[in-house]
Amino acid sequence: MSMAIVRTALMRPIRASVALSAAIAGFAAAPAVADTAAADLQPAALESTRAIANELVTQLGQKLKGTIASDGPVAAVGVCKEVAPAIAKSLSIRHGAQVSRVGTRVRNASMGVPNGWQKDALADFDARLAKGEKPADLEYWKVVDTGNGNQELRYAKAIVTQQLCVTCHGKPEDIPAPLMEKIRAEYPHDQATGYSVGQLRGAVVVTRPLNAD
Ligand code: HEC
């Protein structure tokens, strides 16, 4: 296992030590580990990573809203299926990172299942939402030594269910029949229904080598 520094934060400039930022946020952010790796996380690296995650959310949201407005929600299922991975892939290539979305429950099991650290991030977000933190502020990251002096940044930004999302991720009985049929046809093992507004839906996750900036 590699050494990791875990940090969670509200949107605020990153200069405080782990201990200080944990104290400000009012919770223990990390197991007690050496603070060496955190010193290597430049604010610029965090900001550019945050920008990648935000871009995925923005591009996808626009495309989704546009398609629902012009062609309806059944057609928009195709947007999620084709366009979401395409946007994630193009951002990944452009930034030399791995960018994707994961869910607390997933529709596409080949794309959206969280790995170990991503599960930790989701659990952290859930706990912080329950404590009343604002959805838009929820992010999580850690710096991990990957050997040979290399480090990797693992970053997650919470995706919280909005009204728009309930169209396709709400209670099955509230989803119009033709739309539900389309979802079931495309995703026979779908688990990503039953969400309500304000609930944690998943996260945008970005993994990138820190020396790539
Ligand atoms: C038009 C229907 C539709 C709407 C509206 C919609 N989604 Fe989805 N969502 C899907 C489909 C289809 C997938 C599976 C995409 C794939 O194959 O990768 C999906 C996948 C996801 C995933 C990836 C994890 C998984 O379950 O596979 C997340 C996270 C997600 N949606 C969040 C949202 C959020 C947040 C909103 C609202 C802003 C939203 N969705 C609105 C249909 C929709």
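Position numbers for residues start from 1 in each chain and track the written sequence from start to end. Only residues with pLDDT of 70 or above have their local features reported here, since the model is predicted, and side-chain atom pairs are shown and tallied only from 80 upward, although totals for entire chains, interfaces and linings are computed over all residues.

A.B. asks: Talk me through the overall build of the protein chain; I want residue IDs and the actual numbers.
C.D. replies: Each helix is a run of H or I in the DSSP string that is no shorter than four residues. Each strand is a run of E no shorter than two, and both are numbered from the N terminus. Check the secondary structure of the protein chain and you find seven helices and five strands. In the protein chain, 67% of the contacts between residues at least 6 apart in sequence involve partners at least 24 apart. A residue pair is marked as a contact if its C-beta atoms, positioned from the backbone, fall within 7 Å.

A.B. asks: Before we move on, could you go through the confidence of the model for the protein chain and cite the residues and values that matter?
C.D. replies: A residue's pLDDT is the confidence the predictor assigns to it, expressed on a 0 to 100 scale. Looking at the protein chain as a whole, the pLDDT averages 85, with 80% of positions reaching at least 70. Note that residues 9–36 has pLDDT below 50 and, in this model, 37 contacts with residues that lie over four places away or in other chains.

A.B. asks: Which residues make up the environment of Gly103, and what values do they have?
C.D. replies: Structurally, the position occupied by Gly103 is in strand 2 (residues 98–103). Linking Gly103 and Gln118, residues 15 residues apart in sequence, is a C-alpha distance of 9.5 Å.

A.B. asks: Report on helix 3 (residues 43–71), specifying residues and quantitative values.
C.D. replies: When the terminal C-alpha atoms of helix 3 are compared, their 41 Å separation across 29 residues agrees well with the 42 Å that a helix rising 1.5 Å per residue should span. Any residue whose C-beta has 12 or fewer other C-beta atoms within 10 Å is treated as exposed, any with 20 or more as buried, and any in between as partly exposed, C-beta atoms being built from the backbone. Every buried residue of helix 3 is accounted for by Ala45, Thr49, Ile52, Ala53, Leu56, Leu60 and Leu64. Elements in contact with the buried residues of helix 3: helix 4 (73–95), strand 2, strand 4 (150–160) and strand 5 (200–209). Gly72 occupies a position one or two residues after helix 3 and carries a positive phi of about 90°. Working rule for helices: expected span equals 1.5 Å times residues minus one.

A.B. asks: Residue-level account of the nonpolar core, with values.
C.D. replies: With 34 residues, the main nonpolar core has Leu56, Phe125, Ala203, Val204 and Val206 as its most contacted residues. With seven residues, the top contributor of residues to this core is helix 4. Beyond its immediate sequence surroundings of up to four residues, Ala203 is in contact with Val102, Gln118, Ala121, Leu122, Phe125, Ala156, Lys157, Ala158 and Ile159. Note on terminology: a nonpolar core is any set of buried Ala, Val, Leu, Ile, Met, Phe, Trp, Tyr and Cys residues joined through C-beta atoms within 7 Å.

A.B. asks: How would you explain the packing of helix 3 against helix 4 if you had to name every residue and give the values?
C.D. replies: Orientation is described by axes fitted as lines to C-alpha atoms, over the contacting stretch for helices, and by angles from 0 to 180 degrees between their N-to-C directions. Packing of helix 3 against helix 4 brings their axes to within 9 Å, and their N-to-C directions diverge by 155°. Classified by the angle between their axes, helix 3 and helix 4 sit roughly antiparallel to one another. For the pair helix 3 and helix 4, the crossing hand works out as right-handed. The residues of helix 4 that touch helix 3, namely those facing Ile52, Glu55, Leu56, Gln59, Leu60, Lys63, Leu64, Thr67, Ile68 and Asp71, are Pro73, Ala75, Ala76, Val79, Val83, Ala84, Ile87, Ala88, Leu91 and His95. Considered class by class, the residues forming the contact of helix 3 with helix 4 number 14 nonpolar, three polar and three charged. Between 65 and 115 degrees an angle is taken as roughly perpendicular, under 35 as roughly parallel, over 145 as roughly antiparallel, and anywhere else as oblique. A clockwise turn of the near helix away from the far one marks a right-handed crossing, whereas an anticlockwise turn of less than a right angle marks a left-handed crossing. Throughout, the ten residues Ala, Val, Leu, Ile, Met, Phe, Trp, Tyr, Cys and Pro are labelled nonpolar, Asp, Glu, Lys and Arg are labelled charged, and all others, Gly among them, are labelled polar.

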